[in-house]
Amino acid sequence: MSAPHEITLIGIVTANAWNGDNDITGVAIAVDGEREYVIEKNEYHDDLIRLVRQEVELTGKVTKSDKGKLKVSVTSFRVLSPE
């Protein structure tokens, strides 16, 4: 796993995990260049689940998993395109 570094991202919140009832349980942010960052679960996670398909700007600490996935632990965000 790589050392975390802070970054600001602008992109669309997308669903990336669901439970047995088809409720969204995980989200990511899709940014330009078809790059996707999995949003780690913290105090902002549930708020971001409610913003699926909306454009946001978020700041957080980015790490790369052992499998090469980019993950972001959000420290702040704001909605750019309200639904």
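The rules we used
Residues numbered from 1 in each chain as written. Predicted model: local features only at pLDDT ≥ 70, side-chain atom pairs only at ≥ 80, totals over all residues. Heavy atoms only, no water. Phe/Tyr/Trp six-rings, centres within 6.5 Å; stacked < 30°, edge-to-face > 60°. Helix = DSSP H or I, 4+ residues; strand = E, 2+ residues; numbered from the N terminus. Buried < 20%, exposed > 50% of the residue type's maximum accessible area, 1.4 Å probe, protein only. Pairing = 2+ DSSP bridges. Axes fitted to C-alpha atoms, helices over the stretch in contact; angles between N-to-C directions. Core = buried A, V, L, I, M, F, W, Y, C linked by side-chain atoms within 4.5 Å. Contact = heavy atoms within 4.5 Å. Salt bridge = Lys/Arg side-chain N within 4 Å of Asp/Glu carboxyl O.

*Asks:* Help me understand the packing of aromatic side chains, please; the structure alone is not making it clear to me.
*Replies:* Each aromatic ring pair is characterised by the separation of its centres together with the angle its planes make. Per the counting criterion, the structure on display carries 1 aromatic pair. Their ring planes at 85° and their centres at 6.0 Å tell us that Tyr44 and Phe77 sit as a pair that is edge-to-face. Within this pair, whereas Tyr44 is found in the loop between β3 (35-39) and α1 (45-49), its partner Phe77 is found in strand β5 (residues 70-81), the two being separated by 33 residues in sequence. With relative accessibility at 22%, the residue Tyr44 sits in the partly exposed group. The exposure class assigned to Phe77 is partly exposed, which follows from its relative accessible area of 25%.

*Asks:* Just checking my understanding: could you explain unusual backbone geometry for this structure?
*Replies:* Among all residues except glycine, the phi angle is most often negative; among peptide bonds, the trans geometry is most common. Phi angles above zero are rare outside glycine, and Asn22 is one such case at about 70°. Note that Asn22 resides in the loop between β1 (5-18) and β2 (24-31). In this structure Asn22 comes out as exposed when scored by relative accessible area, which is 62%. Phi angles above zero are rare outside glycine, and Arg53 is one such case at about 75°. Position of Arg53 among the secondary structure elements: in the loop between α1 and β4 (55-64).

*Asks:* Is there a simple way to explain the sheet that holds β2 in this structure?
*Replies:* Hydrogen bonds between backbone groups are what pair the strands of a sheet, and the pairing can be parallel or antiparallel. Spatially, 5 strands are ordered β1-β2-β3-β5-β4 in a closed barrel, and the strand pairing comes out mixed. Here the strands of the sheet are splayed against their neighbours by 50° on average, with no regard to which way each runs.

*Asks:* Can you walk me through the nonpolar core in this structure?
*Replies:* For soluble globular proteins, nonpolar side chains are generally found buried alongside one another. If you look at the biggest cluster of nonpolar residues, it comprises 17 residues, and the most contacted ones within it are Val27, Ile29, Tyr37, Ile39, Leu48 and Leu58. Taken together, the elements giving at least two residues each to this core come down to β1, β2, β3, α1, β4 and β5. Contacts of Tyr37, omitting those with residues within four sequence positions, involve Ile7, Leu9, Ala28, Ile29, Val31, Val62, Leu70 and Val72.

*Asks:* Would you mind going over the pattern of salt bridges with me for this structure?
*Replies:* Side-chain pairing between opposite charges can occur once the charged atoms of the two side chains come close. Under the criterion given, the structure shown has 4 salt bridges. In this structure, Glu40 engages Lys71 in a salt bridge whose closest nitrogen and oxygen atoms are separated by 3.5 Å. Within this pair, whereas Glu40 is found in the loop between β3 and α1, its partner Lys71 is found in strand β5, the two being separated by 31 residues in sequence. When its relative accessible area of 26% is taken as the criterion, Glu40 is described as partly exposed. For Asp47, the salt bridge identified is with Arg50, shortest N-O distance 2.7 Å. The exposure class assigned to Arg50 is exposed, which follows from its relative accessible area of 58%.

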